[in-house]
Amino acid sequence: MAGRSEEGSHKACRAAQALLQRVDKVTELVRIAAVGDVHCTKTSDGTLQSLFSQMVECADVIALAGDLVDYGLAEEAHVLVREIAPALKAKVPVVAVLGNHDFEAGTPDVVKQILCEAGIVVLDGDAVEIKGVGFAGVKGFCGGFGRSSLEPWGEPMIKSFVREALDEALKLESALAKLRTRHRIALLHYSPIAATVEGEPREIYPFLGSSRLEEPLNRYQVNAVLHGHAHHGAPEGQTSAKVRVYNVSMPLLKRHFPDRPAFRVLEVEREEPAATNGHVPRGEAITDRIGAAASA
Ligand SMILES: [Fe+2]
Ligand SMILES: [Fe+2]
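Quick summary incoming for the structure in this document. (Residues numbered from 1 in each chain as written. Chains lettered and ligands numbered in written order. Predicted model: local features only at pLDDT ≥ 70, side-chain atom pairs only at ≥ 80, totals over all residues.)

**Here we look at the overall build of the protein chain**
Right, on to step 1. What the protein chain contains, in helices and strands, is nine helices and 12 strands.
Right, on to step 2. Relative to its full complement of 296 residues, the protein chain shows a buried share of 46%.
Right, on to step 3. Put simply, of all contacts in the protein chain between residues at least 6 apart along the chain, 75% involve residues at least 24 apart. (Helix = DSSP H or I, 4+ residues; strand = E, 2+ residues; numbered from the N terminus. Buried ≥ 20, exposed ≤ 12 C-beta atoms within 10 Å, placed from the backbone. Contact = placed C-beta atoms within 7 Å.)

This is the structure we're talking about:
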């Protein structure tokens with residue numbers, strides 16, 4: 001009897017340990033705070049600092065979905081670097097893609113260089129692993145969605161316009177192919193689906209994104225897609241393969257969630273221990289947990 005009782009106690013102990021391990025696993029989170037379209041200008045000094053400070057308080061990684069500056073000017077990029085200094089000082093990694101506004105002055109490489117020199121990781125068809133989570137980033141391009149997508153037919157200008165969208169989709173695909181992480185986040189500026197631009201005038205849908213970006217996201221089964229650009233779109237949608245898509249455009253978040261900080265937090269569950277920055281997520285931040293199914 002005593003032996004059976006001892007065996008029973010071992011079993012209970014093992015069950016308790018397994019439960020604890022399971023609890024450990026689900027509490028290992030990497031928190032990604034995301035926003036797009038901050039449109040930093042030459043006169044934005046002091047206007048974005050509190051946003052970035054709040055992001056630092058509740059995240060392990062900050063993701064910026066393009067239109068970082070307003071006219072693509074070096075002066076604007078320097079202001080942005082000063083505004084985001086709290087995050088960089090706190091050693092919270094910042095990953096970003098450029099948006100169409102960052103190209104306006106014709107010198108996107110200068111904007112990119114200023115941000116990179118400050119410590120921001122600017123992705124353009126590249127991938128990076130941060131705290132065990134893979135990020136693939138590309139600006140993307142427009143051209144429309146589904147059966148209304150612009151086709152490469154007729155004038156050379158139309159063909160080159162469509163070629164740009166195809167090239168961006170290929171860059172996204174090659175970035176995703178480089179990732180070996182269990183969890184993958186795609187960071188874009190343009191939308192890959194129509195659902196997250198709903199709310200914008202229908203006439204401008206073709207200029208807000210392209211379905212050509214959707215196929216690699218489905219094929220590589222990313223955990224979530226973050227994008228901006230459609231300031232008046234919808235906050236959430238999903239691809240045809242049920243990949244979650246979040247429009248994190250700052251004006252959109254301000255309008256849809258006026259009582260919350262203007263960014264979105266994704267909590268990525270990991271099986272491996274994650275070194276978080278020790279900050280507790282602010283209760284009021286819009287938070288979505290992803291990767292649960294993959295971890296189970
Ligand atoms: Fe924008
Ligand atoms: Fe944009």
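**Concerning the sheet that holds strand S9 (residues 236–238)**
Right, on to step 1. Spatially, the six strands line up as an open sheet ordered S5-S6-S7-S8-S10-S9, and their pairing is mixed. Lying at the two open borders of the sheet, with one neighbouring strand each, are strand S5 (126–130) and S9. The average undirected angle you get between the axes of adjacent strands in this sheet is 25°.
Right, on to step 2. As paired strands, strand S6 (residues 133–137) and strand S7 (residues 183–187) are joined by five bridges and run parallel to one another. Among the inter-strand pairings, Gly137 is bridged to a residue of S7, identified as Leu187.
Right, on to step 3. Strands in contact with helix H6 (residues 156–178) are S5, S6 and S7; relative to S6, the strand with the most contacts, it is inclined by about 165°. (Pairing = 2+ DSSP bridges. Axes fitted to C-alpha atoms, helices over the stretch in contact; angles between N-to-C directions.)

**Re H6**
Right, on to step 1. With 23 residues, H6 should cover 33 Å at 1.5 Å per step; its first-to-last C-alpha distance of 32 Å lies within 8% of that length.
Right, on to step 2. Listing the buried residues of H6 in full gives Val162, Ala165, Glu168, Ala169, Lys171, Leu172, Ala175 and Leu176.
Right, on to step 3. Buried residues in H6 make contact with S5, S6, S7 and helix H7 (214–219). (Expected span 1.5 Å × (residues − 1).)

**As for the environment of His232**
Right, on to step 1. Among the secondary structure elements, His232 is positioned in the loop between strand S8 (224–227) and S9.
Right, on to step 2. Residues His232 and Pro201, spaced 31 residues apart in sequence, show a C-alpha to C-alpha distance of 8.7 Å.

**Things to note about helix H3 (residues 74–83)**
Right, on to step 1. All buried positions along H3 are accounted for by Glu76, Ala77, Val79, Leu80 and Glu83. Taken around the axis of H3, the buried residues stretch over an arc of 160°, which confines them to a single face. (Arc of directions from axis to C-beta.)

**Comments concerning unusual backbone geometry**
Right, on to step 1. For Asp67, which is not a glycine, the phi torsion comes out positive at approximately 50°.
Right, on to step 2. With respect to the helices, strands and loops of the structure, Asp67 is situated in the loop between strand S2 (61–65) and H3.
Right, on to step 3. At His229, a position not held by glycine, the phi torsion is positive, near 75°.
Right, on to step 4. Here His229 is to be found in the loop between S8 and S9.
Right, on to step 5. A residue is classified by how many C-beta atoms lie within 10 Å of it, and His229, with 29 of them, is buried.

**With respect to the environment of Gly125**
Right, on to step 1. Mapped onto the fold, Gly125 is located in the loop between strand S4 (121–122) and S5.
Right, on to step 2. With 18 C-beta atoms packed within 10 Å, Gly125 lands in the partly exposed category.
Right, on to step 3. A sequence separation of 51 residues divides Gly125 from Leu176, and the C-alpha atoms of the two residues are 8.7 Å apart.
Right, on to step 4. When near neighbours in sequence (up to four residues on either side) are disregarded, Gly125 contacts Val138, Lys171, Ser174 and Ala175.

**Some words on the environment of Val138**
Right, on to step 1. Within the element layout of this structure, Val138 appears in the loop between S6 and H6.
Right, on to step 2. Remark: the alpha-carbon pair of Val138 and Asp126, spanning 12 residues in sequence, is separated by 7.4 Å.
Right, on to step 3. In this view, Val138 contacts Val97, Leu123, Asp124, Gly125, Glu168, Lys171, Leu172, Ala175 and Leu188; residues no more than four positions away in its chain are not counted.

**What to know about the pairing of strand S1 (residues 29–35)**
Right, on to step 1. Most of S1 sits inside the fold, with six of its seven residues counted as buried.
Right, on to step 2. Sheet topology note: the S1/strand S11 (residues 264–269) ladder contains six bridges and is antiparallel. In the strand pairing of S11, Ala33 is matched with Val265.
Right, on to step 3. Pairing analysis gives four bridges linking S1 to S2, with the strands arranged parallel. Across the sheet, residue Val35 finds its bridge partner in S2, namely Leu64.
Right, on to step 4. With respect to chirality, the unit in which S1 leads through helix H2 (residues 49–58) into the neighbouring parallel S2 is right-handed. (Right-handed = clockwise from strand over helix to strand, strands pointing away.)

**Quick word on the pairing of S5**
Right, on to step 1. In this structure, S5 lies alongside S6, joined through five bridges in antiparallel fashion. Residue pairing in the sheet places Ile130 in a bridge with Val133 of S6.
Right, on to step 2. The antiparallel hairpin formed by S5 and S6 contains two residues in its connecting segment, where Lys131 sits at a positive phi of about 50°.

None of the figures reported here should be taken as evidence of function without further support.
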